[in-house]
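Chain by chain, the residues:
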Amino acid sequence: ALAFPHGFNVARVFIDRHLAEGRAAKIAVRTAQGDTSYAELVAGVNRAANLLTCLGIAQGERLLMIVKDSVAFLQLFWGAIKAGVVPVPLNTMLRAKDYAFMIADSGCAALVYSPEFATEVEPGLAGAAHRPGVVMRAEGAEDGFAARLTGQSDRFEAIPASAEDDCFWLYSSGSTGNPKGAVHRHRDMVVTSEFYGVRTLGAREDDVFFSAAKLFFAYGLGNGMTFPLWVGGTSVLLDARPTPQSTFAMVERFRPTLYFGVPTLYAAQIHALDEVRPDFSSVRLCVSAGEALPAETLRRWKDRTGLDILDGIGSTELLHIFISNRPDDIRPGTSGRMVEGYDGAVFDDEGNRLPPGESGRLMIRGLSAARCYWNNPERTASTMLGEWLNTGDTYICDADGYFTYCGRSDDMLKVGGIWCSPFEIEAALIEHPDVLEAAVVGNPDAEGLIKPEAYVVLADGVRGTSSLQHTLAQHCKARLAPYKFPRRFHFVDDLPKTATGKIQRFRLRTQV
Ligand code: 3UK
C-alpha cells in the first residue's frame with residue numbers, strides 16, 4: 001500500500017523532492033526551444049504559484065489551461081497545485097462552443113491559453129455564460145503568463161492538503177452529450193505513477209520519456225509529465241501535431257528510451273517506414289493506449305523496428321492504465337492483465353459477476369478513480385457505482401486473467417441474435433493489404449435488422465471495386481465466425497474521429 005503523510009500536497013513529491021535528492025542540475029524537460037533543469041523547473045513552478053496567489057485566485061478555484069506541451073504547462077499545472085488552485089487542462093483542439101461550455105461549467109476563476117489557440121479560445125470566452133476574473137496568454141503578450149512570472153519569487157511553500165482533497169480535473173468527452181469534468185484527488189497521480197509507471201512499465205530514473213499523446217490527455221499527462229517527475233527522469237515535449245515525420249524527428253534528435261503512441265499513429269508510422277528508416281535504437285519499449293491495438297499492428301511494428309508495443313487500457317476517470325500487457329508477457333490482441341493496485345471484473349446487465357470467457361461490462365475499482373463528475377450528479381451516479389467504476393466497455397476475461405476488448409458497451413451488435421463485436425471485424429479487415437483503416441457499425445437492413453456495415457479507407461492506389469467488396473467479405477468470413485462479415489461496404493477517404501483519434505462510430509450509424 002502507498003502511504004500519504006498528513007498535510008500531503010502532491011507537489012512535494014513530484015516537484016520539491018528533486019532538489020533534496022540532488023537532481024538540481026539534471027535535465028527535467030527537453031523541447032525544440034531548449035532544456036530545463038530540475039532547479040529551473042522548481043523555480044518556475046514556485047514563481048507560477050506566487051503569481052496565481054497574488055492575482056487573487058483562491059484555494060479550490062479552477063484554472064483552465066488551454067496550453068500546448070511546453071515548460072509553461074508544467075509551471076501552471078504544478079504552480080496551481082502548490083497554491084491550492086485546481087488546474088484543469090483542456091484539449092487544445094476544441095472549438096469555441098466547446099470552450100464556452102467548459103468555462104461556464106467549471107465556473108473557473110482563471111484561464112490561460114497559448115496564443116496558437118486564440119482563434120477558438122477568444123470567441124469561446126466571449127460566448128461563455130461566465131467570465132473568469134483572470135485571462136492570460138501563456139506567452140507573447142506583455143501581460144502574459146511568461147512575462148509576469150519574471151517578477152515573482154522562486155520560493156513557495158506548498159499549501160497543505162490531504163491525499164483525498166480535490167487536486168485537478170480532466171474533461172472527458174463521451175460519444176454523446178456534453179463533456180464531463182472528472183474530479184481527481186491529490187493521491188491519484190501517485191497511484192498511477194507507482195502502480196503503472198514503475199511496477200508495470202518499469203520506468204526508471206535514467207529513462208527519457210516521449211509521448212506523442214499530448215499532456216492534456218490523461219494518457220499523455222502520465223507519460224509526458226507525472227511518470228518522468230515521479231522517477232526523476234527526463235521528458236521530451238513536442239509542441240506540434242504528432243505525425244510520422246515529426247515523431248521520427250523527435251526520436252532521432254532526443255533519443256528517448258520510452259515511446260508512447262496511439263494505434264492510429266502506429267499505423268501511419270508503419271506506412272511511413274516503407275520510405276524512411278529512422279533510428280529507434282535508443283527506445284527500449286513502446287506503449288499504446290486510447291483504443292485497442294490490433295495484433296497485426298503490433299506484429300508489423302515489431303517486424304519493422306524490432307520493438308514491442310505494450311497495449312493497455314486506461315481512462316480519464318481512472319487517470320491512467322489499469323489493465324496492461326507487461327514487457328515480459330505480451331499477448332497480442334489483448335489488453336493484458338490487471339495492473340497491481342486495481343481490481344477488475346466483468347458483469348452482466350443485472351449486476352452479476354460473469355465467469356471467465358463471457359463478455360460483459362467491465363467495472364474497475366482502484367485508488368486513482370475520479371471522485372465524481374463536476375456538476376453532473378446523473379452521470380456520476382451512473383458511472384461511479386460505490387467503489388466500482390463503470391468503464392462503458394465490453395470485455396471478456398479468460399481463465400488466466402487476460403482481458404480482451406470487444407467494443408464499447410453501446411457499440412456491440414446483435415447480428416442474427418448473436419453478439420458480434422464490430423472491433424473484431426475491423427481487426428480482420430485491416431489485416432488485408434488493401435485496407436488502411438476500417439470502422440464497422442451496425443445499421444438496419446431492408447428488414448430493419450441490424451447488420452454490420454464497413455467504412456473502409458483503402459491503401460494508396462487501390463480502387464474500391466465491387467470485386468474488392470467481395471474479396472474483403474470472403475477475407476472476413478475466412479477468419480471469423482461466418483456471420484461476422486460486413487454486409488455492405490463504403491469506400492471513404494477518411495473516418496470521422498475525435499480530437500484524440502478515436503473513431504466516432506456513432507457518426508456512421510444510420511440516423512433514426
Ligand atoms: C478506450 C481502449 C481498448 C476504452 C486513456 C490510457 O483512452 C484513455 O482515456 P479516455 O477517457 O478513453 C477511455 C476509453 O478508451 N480505450 C482506451 N485504451 C484502450 N480500448 N484498448 C485500449 N488499450 O473504451 C476506454 O473506456 O480518452 C488511455 C491512459 C489514460 C487514458 N485516459
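Just so we're clear, the structure is a prediction, and the values are computed from it rather than from any experiment.

This next bit is on the site of the ligand. Around the ligand there are 23 residues in total, and Gly 290, Asp 311, Gly 312, Thr 316 and Asp 393 lie nearest to it. At 3.2 Å from a nitrogen atom of the ligand is found a main-chain nitrogen or oxygen belonging to Ala 292. Thr 316 places a polar side-chain atom, nitrogen or oxygen, 2.6 Å from an oxygen atom of the ligand. Here the ligand loses 93% of its free accessible area of 610 Å² to cover by the protein chains. Ranked by the residues each element gives to the shell around the ligand, the list is headed by strand β13 (residues 309-314), at four residues.

Turning our eyes to something else, we now look at unusual backbone geometry. One non-glycine residue, Arg 255, lies in the positive phi region at around 50 degrees. Secondary-structure assignment places Arg 255 in the loop between α9 (244-254) and β11 (258-261).

With parallel pairing, the four strands of this open sheet are ordered in space as β4-β3-β5-β6. The two strands at the open ends of the sheet, each matched to only one other strand, are β4 (86-89) and β6 (134-137). In this sheet, adjacent strand axes meet at a mean angle of 15 degrees when their direction is disregarded. Strands β3 (62-66) and β5 (110-113) of the sheet are contacted by helix α4 (residues 96-106), whose axis makes an angle of about 165 degrees with β3.

Side chains Val 208 and Phe 210 project from strand β9 (residues 208-211) onto one buried face, and the interleaved Phe 209 and Ser 211 project onto a second face that is buried too. Pairing geometry for β9 and strand β10 (residues 234-236), over three bridges, is parallel. Within β10, the residue paired with Phe 209 across the bridge is Ser 235. Once the chain exits β9 it traverses helix α8 (residues 218-231) before rejoining the sheet at β10, and the crossover so formed is right-handed. Relative to β11, β9 is paired through three bridges, and the arrangement is parallel. By the bridge assignment, Phe 209 is partnered in β11 with Leu 258.

Turning next to the side chain of Gln 75. Assignment of secondary structure puts Gln 75 in helix α3 (residues 71-82). Here Gln 75 is in contact with Gly 44, Val 45, Ala 48, Ala 80, Phe 145 and Leu 149, once residues within four sequence places are set aside.

Now for the nonpolar core. In this structure, Leu 74, Phe 77, Trp 78 and Met 189 are the most contacted members of the largest nonpolar core, which totals 118 residues. For this core, the element with the highest residue contribution is α3, accounting for nine residues. Residues lining this core come from more than one domain, with at least three contributed by each of domain 1 (11-186) and domain 2 (208-341 + 370-377). In contact with Met 189, not counting residues within four places along its chain, are Val 10, Phe 14, Phe 77, Trp 78, Ile 81, Cys 167, Phe 168, Thr 226 and Leu 319. Ranked by size, the runner-up nonpolar core spans 22 residues in total, among them Val 86, Leu 94, Phe 117 and Val 121.

Along its sequence, the protein chain is organised into domain 1 (11-186), domain 2 (208-341 + 370-377) and domain 3 (413-508). Here domain 2 and domain 3 have C-alpha centroids that lie 26 Å from each other. At the interface, 11 residues of domain 2 touch nine residues of domain 3. Buried surface at the junction of domain 2 and domain 3, both sides included, amounts to about 890 Å², of which 62% is carbon and sulfur. The tally of links between domain 2 and domain 3 comes to zero salt bridges. Between the two partners, domain 2 and domain 3, sit one residue pair in polar contact (both at pLDDT 80 or more). Put simply, the parts of the chain that give the side of domain 2 that touches domain 3 at least two residues each are α10 (263-272) and α11 (295-305). Ranked by the residues each element gives to the side of domain 2 that touches domain 3, the list is headed by α11, at three residues.

Thresholds applied
- Residues numbered from 1 in each chain as written.
- Predicted model: local features only at pLDDT ≥ 70, side-chain atom pairs only at ≥ 80, totals over all residues.
- Heavy atoms only, no water.
- Near = heavy atom within 4 Å.
- Polar contact = N/O pair within 3.5 Å; in protein donor to acceptor, adjacent residues only side chain to side chain.
- Areas by Shrake-Rupley, 256 points an atom, 1.4 Å probe, with all protein chains shown as cover.
- Helix = DSSP H or I, 4+ residues; strand = E, 2+ residues; numbered from the N terminus.
- Pairing = 2+ DSSP bridges.
- Axes fitted to C-alpha atoms, helices over the stretch in contact; angles between N-to-C directions.
- Contact = heavy atoms within 4.5 Å.
- Buried < 20%, exposed > 50% of the residue type's maximum accessible area, 1.4 Å probe, protein only.
- Right-handed = clockwise from strand over helix to strand, strands pointing away.
- Core = buried A, V, L, I, M, F, W, Y, C linked by side-chain atoms within 4.5 Å.
- Domains from an automatic or database assignment.
- Buried area = accessible area lost by both parts, 1.4 Å probe.
- Salt bridge = Lys/Arg side-chain N within 4 Å of Asp/Glu carboxyl O.

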